[in-house]
Amino acid sequence: MKVSTKEKLLNKKKTGIPRALIYEMRYGSPIYYRDYDKVLKGEIPLEAVMGSSGLQAWLIKIILKFLLKVLNKKYEVLSNEVGFKFAKKSWYNLDIAIWEKEKIKPYLKENKLIPVPPELVIEVDTKADLRKFENPQDYFHKKTQDLLNAGIKKVIWIFTQDKKVWIAQPSKPWLIVDWNYDIPVLDDLKMNIEKLIKEEEENE
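Residues numbered from 1 in each chain as written. Predicted model: local features only at pLDDT ≥ 70, side-chain atom pairs only at ≥ 80, totals over all residues. Heavy atoms only, no water.

A. The pairing of strand β7 (residues 164–168), seen in detail. For β7, a buried count of four out of five residues is recorded, marking the element as mostly surrounded by other parts of the structure. The pairing of strand β6 (residues 154–159) with β7 spans five bridges and is antiparallel. Paired with Trp157 across the strands is Trp166, a residue of β7. What sits between the antiparallel neighbours β6 and β7 is a turn of four residues, in which Lys163 has the positive phi angle 55 degrees. Following β7, the chain reverses through six residues before pairing antiparallel with strand β8 (residues 175–178); Ser171 in that reversal takes a positive phi of roughly 60 degrees. (Buried < 20%, exposed > 50% of the residue type's maximum accessible area, 1.4 Å probe, protein only. Helix = DSSP H or I, 4+ residues; strand = E, 2+ residues; numbered from the N terminus. Pairing = 2+ DSSP bridges.)

Right, here's the structure in full:
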């Protein structure tokens, strides 16, 4: 008899929490999707926790348009929660990541996590369940530091609720700025979230 997806998700005692509900993995310890327990209880479908909010998806689209238009052609820009393997039994999903094309070229056609650190990462909020952490900021600190330790030169977090931007670089003070700040991206390129939103709205 065929077992439905819902029955598989509810069968926790035999199978544990399904891999489909794992958002990221940090040194063998899973980080689940936000509200994963509601999926296990059958209160919401799996797709409800995996999908981005409208605002999150819209901001990512705007930023991608900007980067693809102005970024130096030597860079490769990837998005759509691209998986980055930063250590053994460890991987993070990245909203937007920028690599030098020559470094990532061998991995672009492989159906695997990318093991090469990008030059820069841009994250817009998170889909992670933060209840296992001491406080919500703990997740953002750990992920940011892990990415920097892996060789990424800059991590930019964009928080939609507070309209703040968090800029982290190795061996430099981490900055928290407003959306109207000119954020240094790569080379001499700067990005202003407030201006990008205004331009997008004017062109609608």
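So much for the structure itself; the text now carries on.
B. The layout of surface pockets, seen in detail. Roughly 360 Å³ of internal volume is contained in the largest pocket. Around the largest pocket, the lining comprises 14 residues; the ones closest to its centre are Asp125, Gln137, Phe140, Phe159 and Asp162. Of all the elements in the fold, those that place two or more residues in the lining of the largest pocket are α7 (136–149) and β7. If you tally residues by element for the lining of the largest pocket, the top one is α7, at three residues. (1 Å grid on protein atoms, 1.4 Å probe; cavity = no way out; pocket = protein on both sides within 12 Å on 5 of 7 lines; lining within 4 Å. Points joined across faces, edges and corners; volume = space filled by probe spheres on them.)

C. Up close: the packing of aromatic side chains. Within this structure, the stated rule accounts for twelve aromatic pairs. Taking the centre distance of 5.1 Å and the plane angle of 85 degrees together, the rings of Phe140 and Phe159 count as edge-to-face. A residue pair is termed long-range when its members are at least 10 positions apart, and Phe140 in helix α7 and Phe159 in strand β6 qualify at 19 residues. Using a relative accessible area of 14% as the deciding quantity, one classes Phe159 as buried. Grouped by ring-pair contacts, the aromatic residues Phe133, Tyr139, Phe140, Trp157, Phe159, Trp166 and Trp174 constitute a single cluster. (Phe/Tyr/Trp six-rings, centres within 6.5 Å; stacked < 30°, edge-to-face > 60°.)

D. Up close: the nonpolar core. Counting residues in each nonpolar core, the largest one holds 37 residues, and the members touching the most others are Leu94, Trp99, Tyr139 and Leu147. For this core, the element with the highest residue contribution is strand β4 (residues 90–100), accounting for five residues. Residues contacting Trp99, with those up to four places away along its chain left out, are Lys74, Tyr75, Glu76, Leu78, Val82, Ile104, Ile114, Val116, Pro117, Pro118 and Glu119. Grouped together as the second largest cluster of nonpolar side chains are 29 residues, Tyr75, Ile156, Met191 and Ile197 included. (Core = buried A, V, L, I, M, F, W, Y, C linked by side-chain atoms within 4.5 Å. Contact = heavy atoms within 4.5 Å.)

E. Looking closely at unusual backbone geometry. Residues other than glycine seldom take positive phi values, yet Lys89 does so here, at roughly 55 degrees. With respect to the element layout, Lys89 can be found in the loop between β3 (75–87) and β4. For Lys89, a relative accessible area of 58% translates into the label exposed. At Asp187, a residue that is not glycine, the phi angle is positive and equals roughly 55 degrees. Structurally, Asp187 can be placed in the loop between β9 (183–184) and β10 (190–191).

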